[in-house]
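Each chain is listed here by its residues.
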Amino acid sequence: MRKSLLFIFAGLLTYSACSSLTLQSANFSWPVESVLPVNSDGNVVDQRYSIEFSALPLFFEEYQDSSAYVGKEVRLIRDQQGYYYMTANEFKNVYVFQAEEGKLILENKISISETGIVKPAFNQRTTYIELIHANNKSFSLTHQGVEGGM
Amino acid sequence: MKKNILSCHFICLLILAFTSISIAQSDYETVQKFKKDCEKIEHQIKNANSADEINLITGNIKELKSKYSRHSELLDKALYPEKYHAMIENLDNLFTLREEDFNTVEVLKVEVSDLKQRVDSLSIMNDELQISLNEIQLLFDKSSKESAELNGIVADLKTALYRRDMLVINMVHDLMPPVMREKPILSSEDKEQIMSDIENKNILINVKTTIRDNVRYLDLTSLQPEDISELQEQQIEFAEIWARIGPRLVDVYSSDNNRVKELREIDSLFAVWTASVKKEVWQSIKEEFTEKGIPLVDFSDGVEFTNSINQFIENEKKNIDDIPEEEAKYSFELFVDSTWSSEIKPKWASFLIENELFTENNQATIEENIDVWRSELYPSRLWIWFIIPGFLLAGLALLLRMLKNGAQYYDIPGK
């Protein structure tokens with residue numbers, strides 16, 4: 001019995017030592033999207049939010065052509081939970097990424113239009129990200145997909 | 001009824017579509033448009049060229065506010081570190097500053113306009129003055145010219161008169177040569193010859209005209225002693241010749257009463273001429289005093305002249321106590337230094353005395369009066385030079401007396 005209690009106490013100590021500190025109710029949302037040109041190296045830089053990444057894989061994923069980035073702009077917004085939403089003019093999809101150490105990992109690829117989204121724009125909304133495009137059609141997006149389905 | 005319901009539905013759909021359009025707007029675009037609009041207005045404010053242009057921008061700012069006020073929350077976040085209200089305030093401040101600039105410019109414009117008007121009016125005035133000046137200059141030139149012309153005319157007149165005088169004198173002289181003049185009784189041939197010459201050459205008329213013209217010349221001109229001397233010499237010469245010839249002509253024309261009358265007239269004209277020369281002397285002297293601003297009672301001979309001056313001096317002496325000293329002294333200096341001693345005496349005194357128009361006694365009387373006048377204005381302090389040595393001597397005597405008395409006091413008795 002004594003041995004059992006000792007193990008339980010040691011186990012609790014180990015658990016408490018291993019669990020990280022968590023700050024709740026974090027809001028990562030950007031008030032407005034960033035429209036960022038892709039530079040000659042294929043990189044995208046946002047001075048305001050201090051974020052930089054290579055957009056080559058994104059364009060390769062969309063067009064299967066890593067040189068398709070030339071002269072393009074990436075529209076980028078972050079939601080309350082910290083997911084990054086990316087798209088560009090005439091993309092068919094919205095890409096949702098999650099930040100990790102030195103990289104952005106694709107969380108979701110939300111298909112929007114088979115013909116490509118014309119003049120897309122993200123708006124920050126309280127619980128979702130609004131995507132609008134040229135024909136004024138809007139979509140409410142979360143990292144899981146389109147709210148209410150397509 | 002069904003139709004109405006359908007149309008209502010259609011309108012509702014339209015409203016919804018419009019609402020969706022207005023909702024489906026990119027926040028990014030809104031922010032960018034706001035920035036662009038702000039920049040545009042800022043540019044307009046900076047580039048406004050007039051108060052009217054700046055006033056038009058007020059409407060643009062109002063429109064900007066009404067258009068974006070509902071996005072203020074979004075803009076506050078998106079514009080970080082800027083703020084919507086701060087940006088609007090910046091525009092307002094910029095507008096106010098620029099408006100003040102224009103108001104100042106307007107005020108300055110008004111001032112400039114006012115100054116320009118004043119400059120214009122001054123220019124006009126200046127032009128008018130210039131014209132007046134030119135006119136005055138012209139008048140002055142004309143006057144100078146006229147004066148020069150007049151002087152020339154006077155000189156020509158004098159020369160012409162002199163020439164004619166000489167001609168007439170010669171005519172009269174030739175009328176009766178000295179040989180004929182010495183004859184106690186003229187022969188009938190002589191008389192006829194003389195009468196013929198007189199009639200042919202209009203000698204009597206010429207003599208009268210010459211004398212009258214000389215008198216008129218004296219009346220019209222103001223002459224200097226040398227001119228008068230010259231005229232006087234001429235007049236005396238002419239008068240002397242006439243004095244010798246005139247009585248003989250009376251004899252020649254003894255049977256012609258009209259001619260005799262004419263000859264008497266010429267005699268009286270010579271008297272007038274002589275008087276005119278004398279009158280001219282006094283008139284010229286009087287004018288010299290008048291030019292200096294010294295009012296003298298009219299005079300026409302030496303006695304009257306002396307009396308006139310003495311009367312003036314007496315009046316001035318009487319006024320010494322009634323007028324300021326400076327004024328009295330100025331009057332004295334004007335009369336004595338600037339007129340009598342520097343002009344009249346050197347110029348006229350000897351002429352007057354030589355021509356027996358004035359005596360040395362007259363001059364002495366005037367000089368004495370001037371001395372009295374001077375002594376009253378500038379009292380002598382000569383008595384001081386007698387009084388001071390007197391006092392000094394008296395003091396010295398007293399001192400010596402006291403010293404003597406003192407020496408007696410210290411004498412030792414018995415020694």
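What counts, and at which threshold
Residues numbered from 1 in each chain as written. Chains lettered and ligands numbered in written order. Predicted model: local features only at pLDDT ≥ 70, side-chain atom pairs only at ≥ 80, totals over all residues. Pairing = 2+ DSSP bridges. Helix = DSSP H or I, 4+ residues; strand = E, 2+ residues; numbered from the N terminus. Axes fitted to C-alpha atoms, helices over the stretch in contact; angles between N-to-C directions. Contact = placed C-beta atoms within 7 Å. Nonpolar A, V, L, I, M, F, W, Y, C, P; charged D, E, K, R; others polar. Parallel < 35°, antiparallel > 145°, perpendicular 65-115°, else oblique. Left-handed = near helix turned anticlockwise from the far one by under 90°.

(A) A look at the sheet that holds strand 4 (residues 73-78) of chain A. Residues and elements named next belong to chain A. Judged by pairing direction, the sheet is antiparallel, and its five strands sit side by side in the order 1-4-5-6-7 without closing on themselves. At either end of the open sheet lies a strand with only one pairing partner, and these are strand 1 (34-37) and strand 7 (103-111). Each strand of the sheet is rotated relative to its neighbour by a mean of 30 degrees, with strand direction disregarded.

(B) Quick look at the interface of chain A and chain B. At the interface, ten residues of chain A touch eleven residues of chain B. Sorting elements by how many residues they give to the side of chain A that touches chain B places strand 8 (residues 121-124) of chain A first, with three residues. Across the side of chain A that touches chain B, the residue classes break down as five nonpolar, four polar and one charged.

(C) Geometry of the packing of helix 11 (residues 302-319) of chain B against helix 13 (residues 360-377) of chain B. Residues and elements named next belong to chain B. Between helix 11 and helix 13, the shortest axis-to-axis distance is 10 Å and the interhelical angle comes to 5 degrees. As the angle between them shows, helix 11 and helix 13 are arranged roughly parallel. Residues Gly-302, Thr-306, Ile-309, Asn-310, Ile-313, Glu-316 and Lys-317 of helix 11 pack against Asn-362, Thr-365, Ile-366, Asn-369, Ile-370, Trp-373 and Glu-376 of helix 13. Across the contact of helix 11 with helix 13, the residue classes break down as five nonpolar, six polar and three charged.

(D) Spotlight on the packing of helix 10 (residues 257-291) of chain B against helix 12 (residues 325-354) of chain B. Residues and elements named next belong to chain B. Contact geometry of helix 10 with helix 12 gives a least axis separation of 11 Å together with a crossing angle of 165 degrees. With respect to helix 12, the element helix 10 is oriented roughly antiparallel. Crossing handedness for the pair helix 10 and helix 12: right-handed. On the side of helix 10, the interface is formed by Ile-285, Glu-288 and Phe-289, while helix 12 contributes Thr-339, Glu-343, Ile-344 and Trp-348. Partitioned by chemical class, the residues of the contact of helix 10 with helix 12 number four nonpolar, one polar and two charged.

(E) Region of the structure containing the sheet that holds strand 11 (residues 145-146) of chain A. Residue and element names in this part refer to chain A. Within the open sheet, the four strands sit side by side as 8-9-10-11. Their pairing is antiparallel. The open sheet terminates on both sides in strands that have one partner only, identified here as strand 8 and strand 11. In terms of strand pairing, strand 8 meets strand 9 (residues 129-132) through four bridges, oriented antiparallel. Bridge pairing in strand 9 links Gln-124 to Ile-129.

That is the geometry; function is a separate question.
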